[in-house]
Amino acid sequence: MAEKTKRFRSQLYEYDYKTGTIKLRNRLCPRCGSVMAFHKAGKPRWHCGKCNYTIFVEERKK
Ligand SMILES: [Zn+2]
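We now turn to the structure provided with this report.

What counts, and at which threshold
- Note on numbering: residues in each chain are counted from 1, in written sequence order.
- Per-residue local features of the predicted model are confined to residues with pLDDT of at least 70, and side-chain atom pairs are confined, for both listing and counting, to 80 or more; whole-chain, interface and lining totals are unaffected and use all residues.
- Neither water nor hydrogens contribute to the side-chain values; these are computed over all heavy atoms in the structure.
- A helix here means a DSSP run of H or I that spans at least four residues, while a strand means a run of E at least two residues long, and both kinds are numbered starting from the N terminus.
- Burial classes follow relative accessibility: with a 1.4 Å probe on protein chains only, a residue under 20% of its type's maximum area counts as buried, one over 50% as exposed, and anything between as partly exposed.
- Contact criterion: two residues are considered in contact whenever any of their non-hydrogen atoms come within 4.5 Å of each other.
- All accessibility values rest on the Shrake-Rupley procedure with a 1.4 Å probe; residue burial counts only the protein chains present in the view.
- The aromatic pairing rule takes the rings of Phe, Tyr and Trp, using the six-membered ring of Trp, and pairs them if the centres are within 6.5 Å, calling planes under 30 degrees apart stacked, those over 60 edge-to-face and the rest tilted.
- Excluding water, the donors of a metal are its N, O and S neighbours within 2.8 Å, or within 3.2 Å for Na, K and Ca, and that exclusion means sites may look incomplete.
- In these descriptions, tetrahedral denotes four donors with every angle between 85 and 135 degrees, square planar four donors and octahedral six donors with opposite donors over 155 degrees apart and the rest between 65 and 115, and irregular any other case.
- Between any two strands, pairing holds if DSSP finds at least two bridges.
- Note on geometry: axes are C-alpha line fits, over the in-contact stretch for helices, and angles between N-to-C directions span 0 to 180 degrees.

### Here we look at the overall build of the protein
Each helix and strand in the protein was counted, giving zero helices and five strands. The burial tally for the protein puts 19% of its 62 residues in the buried class. Relative to all contacts within the protein whose residues are 6 or more apart in sequence, the contacts with residues 24 or more apart total 4%. For the protein, the accessible area works out to roughly 6000 Å², and carbon and sulfur atoms hold 50% of it.

And the structure:
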């Protein structure tokens, strides 16, 4: 039995240098089920490119 200890984090995150967004593959759109992208610019938010569903991330008080 071979143990699999390697975990590829790079496969969970995709950084789009063109738009400056990060795609997390495990974050799915609650409306259409496609992968959402995280936008850092301005207000942090999740955005679905398919149906334009947007979730604004509430900033925690420090
Ligand atoms: Zn969607």
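### Regarding the packing of aromatic side chains
Scanning all chains against the criterion turns up two aromatic pairs. A ring pair is formed by tyrosine 15 and tyrosine 17, whose centres lie 4.8 Å apart and whose planes are at 75°; its orientation type is edge-to-face.

### Section: the coordination of the zinc ion
In this structure, Cys29 (SG), Cys32 (SG), Cys48 (SG) and Cys51 (SG) serve as the protein donors to the zinc ion, at separations of 2.2 to 2.4 Å. Taken together, the four donor atoms coordinating the zinc ion and their angles of 103 to 116° define a geometry best described as tetrahedral. Written as a sequence motif, the donor arrangement for the zinc ion is C-x2-C-x15-C-x2-C. Looking at cysteine 29, the relative accessible area reads 4%, which means it is buried.

### A short note on the sheet that holds strand β1 (residues 13-16)
Pairing is antiparallel across the open sheet formed by five strands, whose spatial order is β1-β2-β3-β4-β5. Where the open sheet ends on each side, the last strands, each with one partner, are β1 and β5 (54-56). In this sheet, neighbouring strand axes are inclined to one another by 30° on average, regardless of whether the strands run parallel or antiparallel. The pairing of β1 with strand β2 (residues 21-28) spans four bridges and is classified as antiparallel. Bridge pairing links glutamate 14 to lysine 23 in β2.

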